[in-house]
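# Summary of structural features
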Amino acid sequence: MEANRCLFCFDAPCAAACPTHIDVPRFIKKIATANVTGSARAILEANVLGLSCSRVCPVDVLCEGACVMHNVNREPIQIGRLQRHAMDHFYANGGRLPQGASNGKRVACVGAGPASLACAAELRRNGVAVTVYDKRPLAGGLNTYGVAQYKFTPDDSRREVEMIRRSGVEFVNGADVGTTLSFEEIESKFDAVFIGIGLGPTQPLGIPGEKLPGVLNALEFIASYKTAQPVALGRRVAVIGGGNTAIDAAVAARRLGAAEVSILYRRGEAQMSAFAFEYEQARREGVQFCFHARPEAFVQDGGAFRVVLPEGAAAVMADTVIIAIGQSKLIETLGAVRQIELHEGRIVVNPANGQTSNPKYFAGGDCVNGGREVVDAAAEGKRAAKGILAWLT
Ligand SMILES: Cc1cc2nc3c(=O)[nH]c(=O)nc-3n(C[C@H](O)[C@H](O)[C@H](O)COP(=O)(O)OP(=O)(O)OC[C@H]3O[C@@H](n4cnc5c(N)ncnc54)[C@H](O)[C@@H]3O)c2cc1C
Ligand code: SF4
């Protein structure tokens, strides 16, 4: 049994490598002693998003990457798989989160992605009444609309949100804060506000032809695929970018049946920001890679596109183009918050407690760190909840 291979290290490096510091040896030991519910509780105590993290975390570069087994040339303990086992057991048995007695305080979380979910759950556990506002119809943020379908489905995301809702957190969807509902209005009704709005739409390339029909943006494409309304793709798909989103879009295009999918990346293989295991996965799924290929224009050619590359490189023909060069910052939305300091479009916070330059506002997740992983958003949301609790009392 995998759990019995663990050495239950003192000062375990796997736990130190986890941004939420899940006590890995403790939860594995509980599995080894057949206390799977206790194991799940140990995980959720540190990270309420234990379900999504067990499926979407890049464990190779986090907990499993730090496992001492590497030092003796053995396979690391499969921490992600063990966490999945504990979480699946907990959810299958209708597991619930503990609720704290009300302390009369009220906090709003803006955005219903991983950062706000972690913040809201921690506040609720400590007796705070929490309302989470999101502009989209479903809660969960990129866990619902962005993360690759083969890792985490919208239905998995819904289960995680429901567990938090059942702990007493209120969710208001379709509320675009800064547009349909002002920050002032929220501020006047709550004792503190947490901002977890993530990042904005895919950045434009700024080249001719990118507004033509058939040139898609990766986030919209992935969201449409995940919510079972996939946009029609041609036989040949060219994805522009070199990060994890480009890989996810390319893999999704293959799985939707596109015969030829190529990723065009402006730099070389070594500079790609995508994780090595994601890159390998895409190769296994038949995605082709074309390096040092920076498109200069998309030109309609019959029913297809010519992706024009710099002089000397032959143009690439595609029926559909997907742009995946990273997300923009939500500068306009954040500009509407009084006295909140931004740096290069990110919210500046006190790293100890997530508090912004306006003391009533706290923040965390992609809108603070510029775009990292679900587990970072979970850690920052919880950190801010602790900061809010300390500030309110
Ligand atoms: C395509 C893609 C794949 C990814 N894959 C992985 C992966 O495999 N593993 C991993 O760990 N991480 C992955 N990530 C990163 C991860 O999804 C993010 O780091 C994480 O979701 C950030 O959480 P967040 O709560 O900060 O923001 P988000 O998840 O972006 O949530 C922000 C929420 O705020 C809402 N919002 C925005 N503006 C407003 C407003 N004005 N009013 C109300 N609501 C608003 C949005 O609708 C959204 O629901 C991926 C990201 C992308 C783009
Ligand atoms: S480092 Fe590896 S062996 Fe040690 S506690 Fe963590 S998972 Fe177990």
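In what follows, the structure referred to is the one given above.
The structure contained in this document is the topic of the report that follows. (Residues numbered from 1 in each chain as written. Chains lettered and ligands numbered in written order. Predicted model: local features only at pLDDT ≥ 70, side-chain atom pairs only at ≥ 80, totals over all residues. Heavy atoms only, no water.)

### A short note on the side chain of Glu285
Examined against the element boundaries, Glu285 turns out to sit in the loop between helix H14 (276-284) and strand S8 (288-290). Setting aside residues up to four positions removed in sequence, Glu285 forms contacts with Val251, Arg254 and Arg255. (Helix = DSSP H or I, 4+ residues; strand = E, 2+ residues; numbered from the N terminus. Contact = heavy atoms within 4.5 Å.)

### Here's the deal with the packing of helix H8 (residues 114-125) against helix H17 (residues 374-392)
Following both chains from N to C, one finds H8 and H17 inclined at 40°, their axes separated by 7 Å at the closest point. Considering the relative orientation of H8 and H17, their crossing is right-handed. Residues Pro114, Ala115, Ala118, Cys119, Glu122 and Leu123 of H8 lie in contact with H17, whose contacting residues are Val374, Ala377, Ala378, Gly381, Lys382, Ala385, Lys386, Ile388 and Leu389. When its residues are assigned to classes, the contact of H8 with H17 shows 11 nonpolar, one polar and three charged. (Axes fitted to C-alpha atoms, helices over the stretch in contact; angles between N-to-C directions. Left-handed = near helix turned anticlockwise from the far one by under 90°. Nonpolar A, V, L, I, M, F, W, Y, C, P; charged D, E, K, R; others polar.)

### Focus on the environment of Glu278
Considering the arrangement of structural elements, one finds Glu278 in helix H14. A residue is classified by how much of its surface remains accessible, and Glu278, at 4% relative accessible area, is buried. Sequence separation between Glu278 and Asn244 is 34 residues, and the spatial gap between their C-alpha atoms is 7.1 Å. Setting aside chain neighbours within four positions, we find Glu278 in contact with Tyr150, Lys151, Asn244, Ile247 and Asp248. For Glu278, the side chain forms a polar contact with the side chain of Lys151, separated by 2.7 Å. (Buried < 20%, exposed > 50% of the residue type's maximum accessible area, 1.4 Å probe, protein only. Polar contact = N/O pair within 3.5 Å; in protein donor to acceptor, adjacent residues only side chain to side chain.)

### Considering helix H4 (residues 36-46)
The buried count for H4 comes to eight of 11 residues, which makes it a mostly enclosed element. Among the residues of H4, those classed as buried are Val36, Gly38, Ser39, Ala40, Ala42, Ile43, Leu44 and Ala46. Next to the buried residues of H4 lie helix H3 (24-32), helix H5 (50-56), helix H7 (79-92), helix H10 (154-166) and H17.

### Focus: the packing of H3 against H4
Running from amino to carboxyl end, H3 crosses H4 at an angle of 165°, the nearest separation of the two axes being 7 Å. Of the possible angle classes, the one that applies to H3 and H4 is roughly antiparallel. Every pair of crossing elements has a handedness; the one defined by H3 and H4 is left-handed. Taking contact as the criterion, the partners of Arg26, Phe27, Lys30 and Ile31 in H3 are, on H4, Val36, Gly38, Ser39, Ala42, Ile43 and Glu45. Of the residues belonging to the contact of H3 with H4, the class tally is five nonpolar, two polar and three charged. (Parallel < 35°, antiparallel > 145°, perpendicular 65-115°, else oblique.)

### Focus: the pattern of salt bridges
Summed over all chains, the structure comprises 15 salt bridges. One salt bridge connects Asp156 with Arg159, and the closest N-O pair in it is separated by 3.5 Å. Taken together, the residues span about one helical turn, with Asp156 and Arg159 both in helix H10 at a distance of three residues. Take Asp156: its relative accessible area is 14%, and that puts it in the buried class. Between Glu162 and Arg165 there is a salt bridge, and its shortest N-O distance comes to 3.1 Å. Taken together, the residues span about one helical turn, with Glu162 and Arg165 both in helix H10 at a distance of three residues. Among the residues examined, Glu162 registers a relative accessible area of 23% and is labelled partly exposed. Exposure remark for Arg165: the relative accessible area of 34% places this residue in the partly exposed category. (Salt bridge = Lys/Arg side-chain N within 4 Å of Asp/Glu carboxyl O.)

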